[in-house]
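# An overview of the molecular structure
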Amino acid sequence: DDVLDINRLNDILLTRYNFHPMVTFQEYIQTSSRQLVFVHIVDPYAVDNILPETSQMQLLKTFTKKGSVINCNNVSLSKIAANETLEILTRETVKNGLSNFRISQVVCLYAAYPTTPVKIRNAITRICPTCDTASLIFSYWKGVTNHAKDLTVPVSRPSLCLPNIRFPRFILEAYPFSETIKTMANKFVTDTVGKSPFIIVHVRSEKISYTKKQQGFTFDECLNKTLNLRDKILKKHSGLQVIYVTDYGKYGSHTCHNKECLGKILTQHAFHEMGIKPVHFDPVTYNSLSDSGFVAGVELSAMSQATYVILLGGGKFQEQILQHFKLKEDARQAYGVCWSKKVKLLYDSRNKQ
């Protein structure tokens, strides 16, 4: 609830997607079963970051033999992650005078296998028959890595959305941010540009490397189109400040699993050569949550306050920038660069595209 307006989100979940409501963290620790099963999601493209080389193949072979869910009580990193989670919960239960949680089982879930919550629960029950009423804690369910996106949640009202929605990024409209996020975003914008109208150039660097090259784009082409579009807007509308934001700040995207992405390297080099300094929200400066989700929410909310938006790369995050931008009364135009082969006018206030 620090990031999202839970009441508004639950209204969307129920009325448009027929999903059960979310609860706040406080409600969770007060009402949840004290028995936990920790589910460690393993992305095959990131397994080299999870286990030593000698254990990698053994784990992957185990998945091949036993399916998408296996017993990981003896996998050291899974146990470490489970214990770290338990420590967080224990601090909160002690602070609130509540009974402590306990982890009865640690399992690994292989993200390369498409599955559903029911299949996951059934597999866990086979591993731990006494865990049928336990609360499941997932280590990581982001939905945008190469195979983790195959974890799908079937919905009962396919007429309203796709038959299988990628969890948790199924909301097609603007995420309902909390008042905390909005307030922090307003402060960030004021400190960055004052009251001046501005252009946002947002670079989704991880989207403009190998994938775009396969689609017939090169980084230089994408960047040149972006800068040419920026210059055209500035020529027509004087007095605009230009703010550059990227996805590789300290609290930015972790999809590359902390490895250097080609798009990141190219963007950093190009911006350095041009003397461009991207702007990022620093939670320490603002005495706010040092959480990547919170920071992303503040930056997204802040960027949507621009008069013009240029979005280079595409992807779900930029789609959310667009959705929030379209809600602003003084929003003029939004462009997508290298979303397709041509620069795409995504929104125009004059004709409400």
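Structure first, text after, so check above.
If you're wondering where the values come from, they're calculated on a predicted model, not measured in any experiment. (Residues numbered from 1 in each chain as written. Predicted model: local features only at pLDDT ≥ 70, side-chain atom pairs only at ≥ 80, totals over all residues. Heavy atoms only, no water.)

## Overview of the overall build of the protein chain
- Scanning the protein chain from terminus to terminus reveals 11 helices and 11 strands.
- Taking all 353 residues of the protein chain together, the buried fraction comes to 46%.
- Partitioning the intrachain contacts of the protein chain with sequence separation of at least 6 by distance along the chain shows that 73% fall at a separation of at least 24.
- For the protein chain, the exposed area adds up to about 18,900 Å²; of that, 52% sits on carbon and sulfur atoms. (Helix = DSSP H or I, 4+ residues; strand = E, 2+ residues; numbered from the N terminus. Buried < 20%, exposed > 50% of the residue type's maximum accessible area, 1.4 Å probe, protein only. Contact = heavy atoms within 4.5 Å. Areas by Shrake-Rupley, 256 points an atom, 1.4 Å probe, with all protein chains shown as cover.)

## Regarding the nonpolar core
- In terms of nonpolar packing, the biggest core is built from 30 residues, with Phe 198, Ile 200, Phe 281, Val 298, Val 309 and Ala 334 touching the most fellow members.
- Of all the elements in the fold, those that place two or more residues in this core are helix H6 (179-193), strand S7 (198-203), strand S8 (241-246), helix H10 (292-303), strand S9 (308-312), helix H11 (316-325) and strand S11 (344-348).
- Beyond its immediate stretch of four places on either side in the chain, Phe 281 contacts Met 184, Phe 188, Tyr 286, Ser 288, Phe 294, Val 295, Val 298 and Glu 299.
- Counting residues in hydrophobic clusters, the runner-up holds 23 residues, among them Phe 217, Leu 227, Tyr 308 and Tyr 335. (Core = buried A, V, L, I, M, F, W, Y, C linked by side-chain atoms within 4.5 Å.)

## With respect to the sheet that holds S7
- The mixed open sheet is built from 5 strands, whose spatial order is S8-S7-S9-S10-S11. Because the sheet does not close on itself, it has two edges, and the strands there are S8 and S11. Each neighbouring strand pair of the sheet contributes to a mean axis angle of 15°, computed without reference to strand direction.
- Across 6 bridges, S7 lies against S8 in parallel orientation. Looking at the pairing, Phe 198 lines up with Gln 241 of S8.
- Its contacts with the sheet place H10 against S7, S8 and S9, and it is angled at close to 135° to S7.
- Those strands touched by H11 are S7, S9, strand S10 (333-337) and S11, and its axis lies near 165° from that of S9. (Pairing = 2+ DSSP bridges. Axes fitted to C-alpha atoms, helices over the stretch in contact; angles between N-to-C directions.)

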